[in-house]
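Structure assessment
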Amino acid sequence: MTTLPSPAAARPAARDWRATAAASTTVVLWASAFVSIRSAGDAYSPGALALGRLLAGSLALGTLLLVRREGLPSRAAWPGIVWSGLLWFGLYMVVLNWGEQQVDAGTAAMVVNIGPLLIALLGARLLGEGLPRRLVLGMAVSFAGAAVVGLSMSGHGGSSVLGVLLCLLAAVAYAGGVVGQKPALRHGSALQITTFGCLAGTVACLPFSGALVSDAADAPLSATLNMVYLGLFPTALAFTTWAYALARTTAGRMGATTYAVPALVVLMSWLLLDEVPAPLTVGGGLLCLAGVAVSRKRTGAEQPGEARPAAHHRPSRRRTAGS
């Protein structure tokens, strides 16, 4: 006799499909962000570009929040919102913009891509997500890859080495922001956490207001449109789809979805900017990805359904035997 899957078994599969689609949307839009930052960086200083992007994103997210009438998240969500807002929406965007003025978009994406390994490490330490031995080995390999990228750029002057260091700092800020955001998602929706995180980052970048006004007065229309695009899509949309997916898995596993970003960035920058990293740079990036592959390889004891976040486990509704 054929046994049909129960509705309860089908619901997690549906949630997984939506989370995968949300994560895929984030990956594509974040890859495009590296190219747009590179395009707008000639006209806008790092802080001005970050503030303009965050203002556009905050306006879009705030409007959507009002339309959906979601209101404020609970008090317990605010520490994570502020932490992720300052680190990820604020510091990350400024130093990434600065780094991309020194190195090409593909190289920046490769270096920033050590962020997922840092997320897994911080998630194990701060969120109790576990720290497999393969993760430690993978981190060592990926950091070696980042060092190769730095050496490959050293022949182009100290400013390029500075760019690699800035991208490394961006990776650290990105990882810290994600780990701070994860607990907040237990106390608010993806839209709420993203909106107020973006607002926190905007407030942190307000000291760049004068630079934004000055740069906008002289910037070509294409650069300004790139800045607005960054705010509406890689920020407002992609950060919301990221938060939606992050709420449904662990921080470490969610970070793994961004491993495709460097390859997409290299492809986009080749098609749109005519930029291709040097062979040694590509080799260093591949070494970063090799470390990721080592860290993500499952052992025989691991099960596909492991590490489902406890926040999504609902208490059993079964009655006791005497009721």
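Before reading further, recall that the structure is shown in the block above.
An account of the accompanying structure is given in this report. (Residues numbered from 1 in each chain as written. Predicted model: local features only at pLDDT ≥ 70, side-chain atom pairs only at ≥ 80, totals over all residues. Heavy atoms only, no water.)

Digging into helix H3 (residues 78-99)
Our working definition: Helical segments are the DSSP runs of H or I of at least four residues, strand segments are the runs of E of at least two, and each set is numbered from the N terminus. A helix is expected to span 1.5 Å multiplied by its residue count minus one. The bend at a residue is defined as the angle formed between two axes, one fitted to the seven residues ending at that residue and one fitted to the seven starting there.
For H3, which comprises 22 residues, the first-to-last C-alpha distance of 30 Å matches the rise-based estimate of 32 Å (1.5 Å per residue) to within 8%. Its axis deflected by about 35° at tyrosine 92, H3 carries its strongest bend there.

Digging into empty space enclosed by the protein
Going by this rule: Here a cavity denotes a set of grid points, spaced 1 Å apart and computed over the protein atoms alone, in which a 1.4 Å probe fits but from which it cannot get out, and a pocket denotes an open set meeting protein on both sides within 12 Å along at least five of seven lines; residues with an atom within 4 Å of a point are reported as lining. Grid points are joined across faces, edges and corners, and a volume is the space filled by probe spheres set on the points. Residue classes follow a fixed rule: Ala, Val, Leu, Ile, Met, Phe, Trp, Tyr, Cys and Pro count as nonpolar, while Asp, Glu, Lys and Arg count as charged, and any other residue, Gly among them, counts as polar.
Under the definition given, this model contains one cavity of 30 Å³ or more. Together, 15 residues line the largest cavity, and Trp30, Phe34, Tyr92, Val112 and Val261 are the ones closest to its centre. Residue assignment for the lining of the largest cavity shows that the elements contributing at least two residues are helix H1 (7-40), H3 and helix H4 (105-112). Of the residues forming the lining of the largest cavity, the biggest block, four residues, is contributed by H1. Grouping the amino acids of the lining of the largest cavity by side-chain chemistry returns 12 nonpolar, two polar and one charged.

Concerning the pattern of salt bridges
Just so we agree on the cut-off: When a carboxyl oxygen of Asp or Glu lies within 4 Å of a side-chain nitrogen of Lys or Arg, that pair is called a salt bridge. Only protein chains enter the accessibility calculation, which uses a 1.4 Å probe. A residue is then buried if its area is under 20% of the maximum for its type, exposed if over 50%, and partly exposed in between.
Taken as a whole, this structure holds one salt bridge when the rule is applied. Residue arginine 68 pairs with glutamate 70 through a salt bridge whose shortest N-O separation is 2.8 Å. You can call arginine 68 exposed: its relative accessible area is 52%.

Structural notes on a nonpolar patch on the surface
For clarity, the threshold we go by: Here a patch means residues that are over 30% exposed by relative accessible area and free of salt bridges, tied together within 9 Å if like-charged and within 5 Å if nonpolar (Val, Leu, Ile, Met, Phe, Trp, Tyr). Note that accessible areas follow from Shrake-Rupley with a 1.4 Å probe, and for residues the cover is restricted to the protein chains shown.
Together, Leu267, Trp270, Leu271, Leu272 and Val276 give the surface a local cluster of nonpolar side chains, amounting to about 550 Å² of exposed area. Along the chain, the position of valine 276 falls in the loop between helix H12 (261-272) and helix H13 (279-296).

Observations concerning the side chain of serine 58
Our working rule: Contacts are assigned to residue pairs that have any heavy atoms within 4.5 Å of one another.
Turning to its location among the elements, serine 58 is positioned in helix H2 (residues 46-68). What makes serine 58 buried here is its relative accessible area of 10%. For serine 58, the residues in contact, after removing those within four places along its chain, are Cys198, Leu199 and Thr202.

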